[in-house]
Amino acid sequence: MPSLEDLPFSQPVGTCEVNIDALVGPSHHFGGLAVGNLASMSHAQSPSNPRAAALQGLEKAWRVARLGIPQVVLPCQQRPHRAWLASIGCDGTLGESLEQAWRLGPRWLSVAYSSSSMWMANAATVSPSADSGDGRLHLSVANLTSGMHRQLEPPETESLLREWLGSAGIVHAPLPACWPLRDEGAANHTRLGSDLDRPGVQVFVHGDAANDQLETQEVATRRFPTRQAWAACRAIALRHRLDSERTLMFQQSPRAIDAGVFHNDVIAVGHRDTWVMHEQAVVAPDESIRQLSAAYLAATGHSLRVIVIPDSVLSLNEAVRSYFFNSQWLTNERGKWRVLFPEHCADSSEASKAIDLLREAIPELVGIDFVPVDQSMANGGGPACLRLRVIMTSAERQQTSTAGWLTDSRYRRLVELVRTRYRDRLTLDDLRDESFARSCMSISEEARRILGFHTLGDNDSEEGP
Ligand code: SUG
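Since we're looking at a predicted model, the values are computed, not measured.

Draft legend 1. A look at the sheet that holds strand β14 (residues 365-371). Spatial strand order, β12-β13-β14: 3 strands in an open sheet with mixed pairing. Strands with a single pairing partner mark the edges of an open sheet, and in this sheet they are β12 (328-331) and β14. For this sheet, the mean angle separating the axes of adjacent strands, direction not counted, is 20°. Sheet analysis places strand β13 (residues 337-342) next to β14, joined by 6 bridges and oriented parallel. Paired with Trp337 across the two strands is Leu365, which belongs to β14. Of the strands in this sheet, β12, β13 and β14 are in contact with helix α11 (residues 349-361), which crosses β14 at around 155°.

As structure tokens, then:
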């Protein structure tokens, strides 16, 4: 961690939540690649604006830093992913491999260029040291098995997280990349507990039915596959040495998945002592809430605040359109809460009514902000998708590397990089251009330098002209 003078604003003294975002890459585009994600499917092949996307992401991260909440930014991953292109037979010079992939079909080039590592909530699942049997902070890198473009991310994510975390905790490699262990990280996991130094409760949400025997899954969804496996949740809970009394596993409602709820963070959100969910988020909602409340009381000695948003206030479809639940909840040093909603919520009368319910139920909620993240939203990512929460003691923060922590100078240099080097319009056709590919690779190297990372990108080991 950098010395305190280098960090912006006053930093918390004890245990606190650290937010990790990632720089949106210069090849941010709308590939229509994400299964079950209505925004990604409906924006397929529209022109994107990578410059706006990256500035919106940086602005959100800086807003959090300005609240005195520690903020880390990882560099964008190197794209196009040359080793992956070579692995599907598109090798030779850079120009040749781009052209071969284009001839296979633009979709293949779109995968190689995907900037999906921007959604840090899918990077890993995190358990704080207060909850783990060995008293260590655990991060399990997600294998992101269900989407071809997202499978490119885990190796570099793992290296970057290892470099950043240092000796402060344990970074587990992704689970084996296979369908029964498909894992999409913190988007399907929430840690509840007000006292960050004492054990809390962890909720995992999976799409398939709990199935010990790994039998062929009977698929309850009709339209879309399930992206988080029960077996993956169980494996992560074991690796993180979680207490089974304080670990709950809920099954997502197939109806919600078919309505476009591809991750649980599109339909529920938890923060400290509060669990907010749509009434159709999970199978058996009443029983799930009963179990969760009982586990929370037993673990912490306090009552859990549960807010169920009825369909009559916010319909499933409007929850998916507005991303009300994909809000970023923050607590400042004085214990006051702020919630960052995507701007789409401001013009939704249903989301506005749901926000009123939150204001009534949560006295410490003093601030509601609507943040512009429409470039990410058009690919199905709201404010909560863009960050990974890591609860850390001050001793753990001291053991991290100096890389990644968002300082004033890093923020300004990143903004300058984006303003001067990113395009403000990108189409699939542009991805064939060799000079664009070279510019993307050099931008990610520069971002790495600015953020102080030494980790090599996936292309750095490639010889190739
Ligand atoms: O995996 N979209 C991502 C969005 C991830 C949102 N994350 C959370 N809910 N936490 C996905 O569906 C779209 C890429 C494209 O189509 O080009 C994409 O991958």
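Draft legend 2. Region of interest: the site of the ligand. Neighbouring residues of the ligand: 21 residues in total, closest Leu33, His149, Arg227, Asp265 and Cys385. Gly31 is positioned such that a nitrogen or oxygen atom in its backbone is 2.9 Å from an oxygen atom of the ligand. Here the ligand, which alone exposes 490 Å², has 99% of that area covered by the protein. Looking at the shell around the ligand residue by residue, the classes come out as 8 nonpolar, 10 polar and 3 charged.

Draft legend 3. The arrangement of the nonpolar core in detail. Leu23 and Phe324 are the most contacted members of the largest nonpolar core, which totals 105 residues. The greatest single-element share of this core, amounting to 7 residues, is contributed by helix α2 (residues 50-66). Apart from the residues within four sequence positions on either side, Phe324 is in contact with Ile309, Leu314, Ala319, Phe341, Cys345, Ala351, Ala354, Ile355 and Leu358. In terms of nonpolar packing, the next biggest core, distinct from the first, is built from 20 residues, Trp84, Trp102, Leu109 and Val111 among them.

Draft legend 4. Broad picture of the side chain of Arg448. Mapped onto the fold, Arg448 is located in helix α15 (residues 434-451). The buried category is assigned to Arg448, whose relative accessible area is 4%. A distance of 2.7 Å separates polar atoms of two side chains, one belonging to Arg448 and the other to Glu156.

Draft legend 5. Up close: the pairing of strand β8 (residues 247-251). Among the 5 residues that make up β8, 4 are buried, leaving the element largely enclosed by the rest of the structure. Pairing of strand β7 (residues 201-206) with β8 involves 5 bridges; the strand directions are parallel. If you follow Val205 over to β8, its bridge partner there is Phe250.

Draft legend 6. The arrangement of the side chain of Arg387 in detail. On the secondary structure map, Arg387 appears in the loop between α12 (374-377) and β15 (388-392). Buried charge without a partner: Arg387 forms no salt bridge, and the closest opposite charge is Glu17, 5.3 Å away. There is a polar contact of 2.9 Å between the side chain of Arg387 and the backbone oxygen of Ala384. Excluding its chain neighbours within four sequence positions, the residues that come into contact with Arg387 are Asn19, Ile20, Asp21, Lys60, Met120, Ala121, Ser327 and Gln328.

Draft legend 7. A look at the sheet that holds β7. With respect to topology, 3 strands assemble into an open sheet ordered β6-β7-β8, the strand pairing being mixed. In this open sheet, the two edge strands, each paired with only one partner strand, are β6 (189-192) and β8. On average, each strand axis in the sheet is tilted by 20° relative to the strand beside it, whichever way the strands run. Where β6 and β7 come together, 4 bridges link them in antiparallel fashion.

Draft legend 8. Region of interest: the packing of helix α4 (residues 94-104) against helix α5 (residues 106-113). It is at 5 Å that the axes of α4 and α5 come closest, and there the two elements cross at 130°. Taken together, the axis directions place α4 and α5 in an arrangement best described as oblique. Facing Leu98, Ala101, Trp102 and Leu104 of α4, the residues of α5 in contact are Pro106, Trp108, Leu109 and Tyr113. Of the residues in the contact of α4 with α5, the class split is 8 nonpolar, no polar and no charged.

Draft legend 9. Quick look at the pattern of salt bridges. Taken as a whole and assessed by the stated rule, the structure comprises 25 salt bridges. One salt bridge in this structure joins Arg227 and Glu184, with 2.9 Å as the shortest N-O distance. Taken together, the residues Arg227 in the loop between β7 and α7 (230-239) and Glu184 in the loop between β5 (170-172) and β6 connect sequence positions 43 residues apart. Both residues of the pair, Arg227 and Glu184, count as buried. Through salt bridges with shared partners, one network takes in Arg63, Arg338 and Asp369.

Scoring rules and cut-offs
Residues numbered from 1 in each chain as written. Predicted model: local features only at pLDDT ≥ 70, side-chain atom pairs only at ≥ 80, totals over all residues. Heavy atoms only, no water. Pairing = 2+ DSSP bridges. Helix = DSSP H or I, 4+ residues; strand = E, 2+ residues; numbered from the N terminus. Axes fitted to C-alpha atoms, helices over the stretch in contact; angles between N-to-C directions. Contact = heavy atoms within 4.5 Å. Near = heavy atom within 4 Å. Polar contact = N/O pair within 3.5 Å; in protein donor to acceptor, adjacent residues only side chain to side chain. Areas by Shrake-Rupley, 256 points an atom, 1.4 Å probe, with all protein chains shown as cover. Nonpolar A, V, L, I, M, F, W, Y, C, P; charged D, E, K, R; others polar. Core = buried A, V, L, I, M, F, W, Y, C linked by side-chain atoms within 4.5 Å. Buried < 20%, exposed > 50% of the residue type's maximum accessible area, 1.4 Å probe, protein only. Lys, Arg positive; Asp, Glu negative; His and termini not counted. Salt bridge = Lys/Arg side-chain N within 4 Å of Asp/Glu carboxyl O. Parallel < 35°, antiparallel > 145°, perpendicular 65-115°, else oblique.

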